[in-house]
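Take a look at the letters that make up each chain.
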Amino acid sequence: MNEKLYLQIFLLICSDSKSFFQRLQTVFISLLCLLCFSMIHAGKILCPGNEKIDQLIDQAISLNNNGKAKEALGLLQKANELANTMKCEKGELEATKNIMLIYSQDYDYKKALKISNRAINVAVNQKDYETLSTLYNKRAILYENLGLYGESLKEYETALKYAQLISEADHKHYQTSLVYYNFAPYYQGRSDEKVLYYLDKSREEALKISDTSKEVPLDKKIDMLVSVNMNLGIHYRDSRNKGRNIKLSEFHFMEALKQLDLIKGEVNPETKIDLYQALQEFYHLKKDYRKAIEYGDNMLVLEKSNSMPYNRRVGYMVLAKSYLGIGDNTTSQKYLDLFQN
């Protein structure tokens, strides 16, 4: 083994940022936080008599997806003003939710929280419990990002309350599963028992969703189950947990892979990327370097068409270590160079 190369990798791990690898679990376990509030439009006419509102929202979503958040925000504000003039609360709610998301994406958490208050008022008027649960779920994440953990916990509890008021069964199970899922990172580092409790509750709710549901597509159910098992695998792998158990970790990773195979390519590619990276880390930990390389390569292939810079960078580092582990110093140096650039 090339001792100079080994030392170079070791020093990079230590100095790159003390939290770089410690962040792995948080990144994975919070995976669905973004999914609980995404810029989508159901395609139904929000304000009969003025389809311009739908058009503005659709255009804004397209612009935002192409990295033009500022332009998207302008169109959403126009849609919001138009809906407000028409007294069309559904249009106003849709525009306001998406304005909130753009502020969240731009890390302007305080503005996102402020705009969410209007969205909540409109959703209460509409008795739209699913949207209320989603809004409070997102607010909990925003408060957590601001370091206001007490407020965050209260918002999660409110999100759960509204999720349980949803009348349609499969929507109720999915939203409840999502709230339980997002409770888990809140308790990370505070209580291993509660992390496991909420991940198990999330899985229980997801399993209640019908495989033939018209309300919740099968790929969304499977995505949730894959994510829960992936994070259970990460939890049991983590050396900071008192209940660390490598066998249980591998069991949950294998369960996630089985679920992934149920619907092949239909699962969210970002979930698949995170799973492959988690498996890459797991097998490197077990010193099964060839399997670590296999999953690292699979992850990077997917990441090329689904840009996830953090995952890519971690993947390079783990590949550098894994190739060093099998004595391939040349390829190890290649990935170390990619990691540094």
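Note that the coordinates shown come from a computational prediction; the quantities given were computed from them, not determined experimentally.

How each quantity is defined
Residues numbered from 1 in each chain as written. Predicted model: local features only at pLDDT ≥ 70, side-chain atom pairs only at ≥ 80, totals over all residues. Heavy atoms only, no water. Helix = DSSP H or I, 4+ residues; strand = E, 2+ residues; numbered from the N terminus. Buried < 20%, exposed > 50% of the residue type's maximum accessible area, 1.4 Å probe, protein only. Contact = heavy atoms within 4.5 Å. pLDDT = per-residue confidence, 0-100. Salt bridge = Lys/Arg side-chain N within 4 Å of Asp/Glu carboxyl O. Axes fitted to C-alpha atoms, helices over the stretch in contact; angles between N-to-C directions. Parallel < 35°, antiparallel > 145°, perpendicular 65-115°, else oblique. Left-handed = near helix turned anticlockwise from the far one by under 90°. Nonpolar A, V, L, I, M, F, W, Y, C, P; charged D, E, K, R; others polar. Core = buried A, V, L, I, M, F, W, Y, C linked by side-chain atoms within 4.5 Å. Phe/Tyr/Trp six-rings, centres within 6.5 Å; stacked < 30°, edge-to-face > 60°. Lys NZ or Arg CZ within 6 Å of the ring centre and 35° of its normal.

This part is about the environment of Gly49. Locating Gly49 in the fold gives a position in the loop between helix H2 (23-29) and helix H3 (52-65). Overall, the relative accessible area of 81% leaves Gly49 in the exposed class. For the pair Gly49 and Met86, spaced 37 residues apart in the sequence, the C-alpha separation amounts to 9.5 Å.

Moving on, we get to the side chain of Ser322. Tracing the chain through its elements places Ser322 in helix H15 (residues 309-325). A relative accessible area of 0% places Ser322 in the buried class. What Ser322 contacts, discounting residues up to four positions off in sequence, is His284, Tyr289, Ala292 and Ile293.

We now examine the confidence of the model for the protein. For the protein, per-residue confidence averages 85 on the pLDDT scale, and residues scoring 70 or more make up 87% of the total. In this model, residues 13-38 is a region of pLDDT below 50 whose contacts with residues beyond four sequence positions or in other chains number 73 contacts.

Let us look at unusual backbone geometry. In this model, Tyr107 sits at a positive phi of 65°, which is unusual for a non-glycine residue. Checked against the element boundaries, Tyr107 lands in the loop between helix H5 (89-105) and helix H6 (109-126). Although it is not a glycine, Lys287 adopts a positive phi angle of roughly 65°. Here Lys287 lies in the loop between helix H13 (269-285) and helix H14 (289-304). You can call Lys287 exposed: its relative accessible area is 60%.

Moving on to the pattern of salt bridges. Scanning the model with the defined rule gives ten salt bridges in all. Residues Glu92 and Arg118 are paired through a salt bridge, measuring 2.6 Å at the closest nitrogen-oxygen approach. Here Arg118 lies in helix H6 and Glu92 lies in helix H5, a separation of 26 residues in the sequence. Residue Lys208 pairs with Glu205 through a salt bridge whose shortest N-O separation is 3.3 Å. Overall, the relative accessible area of 10% leaves Glu205 in the buried class.

It is the contact of H5 with H6, at a shortest axis distance of 8 Å, that shows an interaxial angle of 160°. Classified by the angle between their axes, H5 and H6 sit roughly antiparallel to one another. For the pair H5 and H6, the crossing hand works out as left-handed. Taken together, the residues of H6 that come into contact with H5 (itself represented by Glu89, Lys90, Glu92, Leu93, Thr96, Ile99, Met100, Tyr103 and Ser104) are Tyr109, Lys111, Ala112, Ile115, Ser116, Arg118, Ala119, Val122, Ala123, Asn125 and Gln126. Partitioned by chemical class, the residues of the contact of H5 with H6 number ten nonpolar, five polar and five charged.

What follows covers the nonpolar core. A general tendency of soluble globular proteins is for nonpolar side chains to be buried together. Of all hydrophobic cores here, the largest spans 62 residues; its most connected members are Ile57, Phe183, Tyr187, Leu199 and Met224. Residue contacts for Tyr187: discarding those within four places in its chain leaves Leu153, Lys194, Val195 and Tyr198. Core analysis: the next-biggest nonpolar cluster, separate from the first, contains 31 residues, Leu260, Val267, Ile273 and Leu319 among them.

Geometrically, a pair of aromatic rings is defined through the distance of the ring centres and the angle of the planes. Scanning the entire structure with this criterion turns up 15 aromatic pairs. A ring pair is formed by Tyr187 and Tyr198, whose centres lie 5.6 Å apart and whose planes are at 10°; its orientation type is stacked. Of this pair, Tyr187 sits in helix H9 (residues 169-187) while Tyr198 sits in helix H10 (residues 192-207); the two residues are eleven residues apart in sequence, bridging distant segments of the chain. Across this residue pair, the class does not change: Tyr187 and Tyr198 are buried. Where Tyr283 meets Tyr295, the ring centres are 5.9 Å apart and the plane angle is 5°; that geometry is what we call stacked. Of this pair, Tyr283 sits in helix H13 while Tyr295 sits in helix H14, and the two are twelve residues apart along the sequence. Here Tyr283 matches Tyr295 in class, with each residue buried. Through a chain of ring-to-ring contacts, the aromatic side chains of Tyr156, Tyr180, Phe183, Tyr186, Tyr187, Tyr197 and Tyr198 assemble into a single cluster. When the ring centre of Tyr186 is taken as origin, the NZ or CZ atom of Arg190, which lies over that ring, is 4.3 Å away. Over the face of the ring belonging to Phe339 we find Arg313, whose NZ or CZ atom lies 4.3 Å from the ring centre.

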